[in-house]
Amino acid sequence: MGIYYTYQREEAWQQALKKGCLEASGEYALFSEGGLEEFKPAYDWMVEQYEKRIGISLNGNYPIWCWDEFPDLGRDGHIGEGNRGVVLTVEIPDEEVLASEFSYWHHVLSNFPLYETLEEYDREDEPDELFVRQSWERIFDKAWCEASVADQPNVGLIYQYVTHRIELTQVRGVMPFVGRGNNWLDRVTGMGWRIGYKLGLIRSKPFEWKV
């Protein structure tokens, strides 16, 4: 079992309270927003990888993204400026979680190969689709990811985690929040949030699911 954190829009949380579990149908996925449809193939690929590596079917849904550290709600980039959401503290069995490296995940989002060597990168011929898709699987290899930045001490790797579903019996805490922008007021209030969180003045409320 591990403790993880996932941020969700309030609408998704309200649906979970009605159903007794949180599932990602795609309605609130990143690519559901206008102009972001190009990312859908990457999320479809992650579905394939989760089902293959974990052995659990998503039944047409998408994975739920989680993190092993509480998100910095003092900055933008979570659920969109002005949107209401929640951060859920959840406890999930290890065998239901698939880990990957966040920065290398952007190769998948950009439909760009994740080359292993400079020789691969300098190749003149255009890599075929099979090569590209197989190269992406390196994001799940922690040893490879660590070795790839071994000579870059200032580069830190960030790991993301996906799971197929979160039962409300697995939720340990809830923190409501409103998505920030990047204007000066949001930056100032965001700094206040960080200070309050560091001092323990801001905390998630314990949650216990009662049918």
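Just so it is clear, the structure is predicted and the values come from calculations on it, not from any experiment.

**Thoughts on the nonpolar core**
Nonpolar side chains in soluble globular proteins tend to be buried together. Counting 45 residues, the largest nonpolar core has Trp13, Met46, Leu88, Trp105, Ile139, Ile166 and Val171 as the members making the most contacts within it. Not counting residues within four places of it along the chain, the set of residues in contact with Met46 comprises Pro63, Trp65, Leu98, Ser100, Trp105, Ile139, Phe140, Gln160 and Val162. Listed in part, the eight residues of the second largest apolar core include Phe70, Ile79, Met175 and Phe177.

**Looking at empty space enclosed by the protein**
Throughout the structure, instances matching the rule amount to one cavity of 30 Å³ or more. The computed volume of the largest cavity comes to approximately 40 Å³. Forming the walls of the largest cavity are Glu23, Ser57, Leu58, Asn59, Asn61, His164 and Arg165. Here the residues of the lining of the largest cavity are counted per class, giving one nonpolar, four polar and two charged.

**Section: the pattern of salt bridges**
Under the definition given, this model contains ten salt bridges. Measuring nitrogen to oxygen at the nearest pair gives 2.9 Å for the salt bridge that ties Glu23 to Lys19. Between Arg194 and Asp72 there is a salt bridge, and its shortest N-O distance comes to 2.9 Å. Of this pair, Arg194 sits in helix H7 (residues 184-198) while Asp72 sits in the loop between strand S3 (64-67) and strand S4 (84-92), and the two are 122 residues apart along the sequence. It is possible to trace a salt-bridge network through shared partners that takes in Lys19, Glu23, Arg165 and Glu167.

Conventions and cut-offs
Residues numbered from 1 in each chain as written. Predicted model: local features only at pLDDT ≥ 70, side-chain atom pairs only at ≥ 80, totals over all residues. Heavy atoms only, no water. Core = buried A, V, L, I, M, F, W, Y, C linked by side-chain atoms within 4.5 Å. Buried < 20%, exposed > 50% of the residue type's maximum accessible area, 1.4 Å probe, protein only. Contact = heavy atoms within 4.5 Å. 1 Å grid on protein atoms, 1.4 Å probe; cavity = no way out; pocket = protein on both sides within 12 Å on 5 of 7 lines; lining within 4 Å. Points joined across faces, edges and corners; volume = space filled by probe spheres on them. Nonpolar A, V, L, I, M, F, W, Y, C, P; charged D, E, K, R; others polar. Salt bridge = Lys/Arg side-chain N within 4 Å of Asp/Glu carboxyl O. Helix = DSSP H or I, 4+ residues; strand = E, 2+ residues; numbered from the N terminus.

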